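Okay, here's what each chain looks like letter by letter:
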Amino acid sequence: MSPQVESFFEYLRFPSVSTDSTHKKNVENCADWLINRFDKMGLDATKHATPGHPVVVAGNAVKKDRPTVMIYGHYDVQPVDPVEEWKTPPFEPTLIDGRVFCRGATDNKGQNFAHILGVEETLKADGDLPVNVIFLLEGEEEIGSPNLAPFIKANRDLFAADICAVSDTGMIGPGIPTMTYGLRGIGCLEFVVKGPSLDLHSGVYGGAVANPAQVVARLVASLHDEKGRVQVPGFYDKVVPLEKWERDMWAALPDGDAATLAETGSPGTWGEDGYSSLERRWGRPTAEVNGIGGGYQGEGSKTVIPREAMAKLSFRLVPDQDPAEIISAAAKFLEEQIGDSCRIELDPGHDGPAYVMDPHSKFGKAAQAALKSTFNDDPKLIREGGSIPIIQDIKDILGIDTLMMGLALPDCQIHAPNENFTIENFEAGIRLNQNLLRELAKS
Ligand SMILES: [Zn+2]
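For every chain, the first residue of the written sequence is number 1, and numbering continues from 1 onward in sequence order. Residues qualify for local features only when their pLDDT is at least 70, as the model is predicted, and side-chain atom pairs are given and counted only at 80 or more; totals for whole chains, interfaces and linings, by contrast, use all residues.

1. Structural notes on helix α3 (residues 109–126)
For the purposes of this entry, the term helix denotes a DSSP run of H or I that reaches at least four residues, the term strand denotes a run of E that reaches at least two, and both are numbered from the N terminus. Every helix has an expected span of 1.5 Å times one less than the residues it contains. End to end, α3 covers 25 Å across 18 residues, agreeing with the expected 26 Å (1.5 Å per residue, within 8%). Here a residue counts as buried when 20 or more other C-beta atoms fall within 10 Å of its C-beta, as exposed when 12 or fewer do, and as partly exposed in between; the C-beta atoms come from the backbone. Judged by how many residues are buried, α3 sits mostly within the fold: 13 of 18 residues are covered.

Below is the structure:
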C-alpha cells in the first residue's frame, strides 16, 4: 500500500461523527490529526475552537503576486446506522476491487485529502506552490454547519481569497470529468388547516362542515396544473431561463430519464411539461409535498371528521427566485383558497437562495482545464438539484465564487452503509488539485 493510501486510511479510522456527542473526542482527535498532517507538509495550521466542533485552517505563506485559493472540505462524517448492513467494519477502511469501503471515504475525507496530498506533492516537487492556498476544513457539515458562517464572518482576514474550490459534489460517471456550476435553493412552508373544535362523527355532521383533510388535499392539489407547472402566482416571474448551451450539454449526457427511473425505482417520470428529467432536477423550480396527514391512521375504519390536518411543503428554487418572496406568495395563495369554513395556520421553515456561477469565467475556465488534463476529456458542466448552503455563505461573506469539482460516483453510497471511494478517483483527485493550482496561477 502506498504511503498516501496508508495516510488516507489513518484519517478514515477516526469515527468523526459530528451529530453524536459520544463521538465528540473522536471529532477533536481527527482535527488534531489534520493539524499534525499539515504541520508535516510545512503548512501553517491552526485549530480554531467554535461552540461546536473545531475548524481547521491551514495555508502557505502569502505572496502578493499570485492568486489565493481557498479549499473547503469537511472532516466530520455521517453516523453509520444501520450498522448491520455494512459488509466491512464502517471505520476500518477496507480495500476491495479498487474501492475503499469506509464511512467518510467519499463524503468528504477522500475528496479533501486528495486536495491535501496534491498540495503536498507539489511542495515536494517544486518546493513551493504556484498560488496561495488556504484550507478550511470544518467538523460540522453533516449537521448543517451551524458555526461555520459566524466563524468565517468573524475571521474574514483569514480568508482573503480570490476563489474557492470544493470537492463535495458528484461525477456523471466513472472517468467523466464533471464540474457543477449551480445548485438549487430552497424554501419551506408547513401549514395546518383547522376546522371543528373536536373530531366529529362523520354521520352526524358529515356534509355540513368542512373536513380539514379534504381541504388540505384540495390545497395540495392546487399547487400544480395538469402540465406540472406550479400555480402559485408569480412563481416563475424571476426564473432565469436555461440557456441553449446548458440544454444542449445536458441533452448530450447519458440518458437522464433512464437514470432517474433506475435511481428512483419510480414506474414513470413526471414533471413540468417541456423539460427533460435533468432539466427538471437541476434547472427548474418545484413545489413538493414532503409530508401530509390528518385523521384516523389506524387499523380498520373510524368514521370521523378530523378537527385538523396538515402538510409540509418545500420549494426548490433556481436563479433569481427570492426564497422569502416565494414563501410569502405560496402562503397567500393557500390562504386565499380557504374561505370561512375553516382556518389555516402557516409556518415558514428554513430557506436559502439558489447558487450559480459562470463556468466560462476565468476561474471557471481554469477549473475546466484542470479537469480536462486530469481525465483527458472535456468536462461536463452540470448543476445539482440540492443545496449546499455554505457555498452561498462563502459568496455572501467573502464575495467569491466556488468551483465545485466533485469526485463522488453515483454508486459511492454516501450517507448509506458501504460508503466507498475508488482508488482511481482518489489518485485523480491528487492530480486534479495539482492541475487546478497550476491553472489558477495562469488565470
Ligand atoms: Zn454528507
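2. Some words on the domain arrangement of the protein
By a widely used convention, the size of an interface equals the accessible area lost when the partners come together. Residue ranges for the domains trace back to a domain assignment, done automatically or taken from a database. Partitioning the protein into structural domains gives domain 1 (3–183 + 355–442) and domain 2 (185–239 + 285–352). In this structure, domain 1 and domain 2 have C-alpha centres spaced 39 Å apart. We call two residues in contact when the distance between their C-beta atoms, placed using the backbone, is within 7 Å. Across the boundary between the two partners, domain 1 contributes 5 residues, which contact 5 residues of domain 2.

3. Some details on the sheet that holds strand β5 (residues 99–101)
By the convention used here, strands pair only if DSSP detects at least 2 bridges between them. Spatial strand order, β4-β5-β18: 3 strands in an open sheet with antiparallel pairing. The sheet is open, and its two edges are formed by β4 (94–96) and β18 (420–422), each paired on a single side. Along the sheet, successive strands turn relative to each other by an average axial angle of 30 degrees, direction set aside. When β5 meets β18, the two strands line up antiparallel, connected through 3 bridges. Axis definition: a line fitted to C-alpha atoms, limited for helices to the stretch in contact. Angles are taken between N-to-C directions and run from 0 to 180 degrees.

4. Details of the environment of Gly274
With respect to the element layout, Gly274 can be found in the loop between α7 (256–264) and α8 (277–282). By the C-beta count within 10 Å, which is 11 here, Gly274 ends up exposed. Gly274 sits 47 residues away from Lys227 along the chain, and the two C-alpha atoms are 8.9 Å apart.

5. Observations concerning the packing of helix α10 (residues 362–375) against helix α12 (residues 423–442)
Contact geometry of α10 with α12 gives a least axis separation of 8 Å together with a crossing angle of 140 degrees. One element, α10, and the other, α12, form an angle in the oblique class. The way α10 lies across α12 gives a crossing that is right-handed. Along the contact surface, α10 presents Phe363, Ala366, Ala367, Ala369, Ala370, Leu371, Ser373, Thr374 and Phe375, while α12 presents Ala428, Arg431, Leu432, Asn435, Leu436, Glu439, Leu440 and Lys442. Residues of the contact of α10 with α12, tallied by class, amount to 11 nonpolar, 3 polar and 3 charged. An angle counts as roughly parallel when it lies under 35 degrees, as roughly antiparallel when it exceeds 145, as roughly perpendicular when it falls between 65 and 115, and as oblique in every other case. The sense of a crossing depends on the near helix, which, turned anticlockwise from the far helix by less than a right angle, makes the crossing left-handed and, turned clockwise, makes it right-handed. Three classes are used, and their members are as follows: Ala, Val, Leu, Ile, Met, Phe, Trp, Tyr, Cys and Pro are nonpolar, Asp, Glu, Lys and Arg are charged, and the others, Gly among them, are polar.

6. Side note on the pairing of strand β13 (residues 308–317)
Burial of β13 is extensive: 7 of the 10 residues sit out of reach of the surface. Two strands pair when backbone bridges link them, and strand β11 (residues 286–294) and β13 are joined in this way by 8 bridges, in the antiparallel orientation. Residue pairing across strands places Val289 opposite Leu313, the latter belonging to β13.

7. Description of the sheet that holds strand β14 (residues 343–352)
If you walk across this open sheet you meet the 4 strands as β11-β13-β9-β14, and the pairing is antiparallel. Strand pairing shows two members of the sheet lacking a second neighbour, β11 and β14, which therefore form its edges. Taken over all neighbouring pairs, the strand axes of this sheet differ in orientation by 15 degrees on average, direction set aside. As paired strands, strand β9 (residues 185–194) and β13 are joined by 10 bridges and run antiparallel to one another. Considered in β13, the bridge of Phe191 is made with Ala311. On top of the sheet, helix α5 (residues 212–221) reaches β9, β11 and β13; it is set at about 15 degrees to β13, its chief contact. Against the sheet, helix α9 (residues 323–336) touches β9, β13 and β14, its axis set at about 165 degrees to β14.

8. A short note on the nonpolar core
For soluble globular proteins, nonpolar side chains are generally found buried alongside one another. Think of a nonpolar core as buried Ala, Val, Leu, Ile, Met, Phe, Trp, Tyr and Cys residues chained together by C-beta atoms that fall within 7 Å. Membership of the largest hydrophobic core comes to 104 residues, with the highest contact counts inside it found for Val69, Met70, Leu136, Ala165 and Ala367. Per element, the largest residue contribution to this core is 7 residues, and it comes from α12. Of the domains in this structure, domain 1 (3–183 + 355–442) and domain 2 (185–239 + 285–352) are the two that each give at least three residues to this core. In contact with Leu136, not counting residues within four places along its chain, are Val55, Val57, Met70, Tyr72 and Phe159.

9. With respect to unusual backbone geometry
Of note, the bond from Asp107 into Asn108 is cis; its omega dihedral lies within 30 degrees of zero at 5 degrees. Tracing the backbone through its elements, the reader meets Asn108 in the loop between β5 and α3. The residue after Pro319, namely Asp320, is reached through a cis peptide bond having omega -5 degrees. Following the sequence through the fold, Asp320 ends up in the loop between β13 and α9. Within the chain, Asn376 stands out as a residue other than glycine whose phi angle is a positive 55 degrees. Looking at the secondary structure, you find Asn376 in the loop between α10 and β16 (380–384). Residue classification places Asn376 among the exposed residues on the basis of 9 C-beta atoms within 10 Å.

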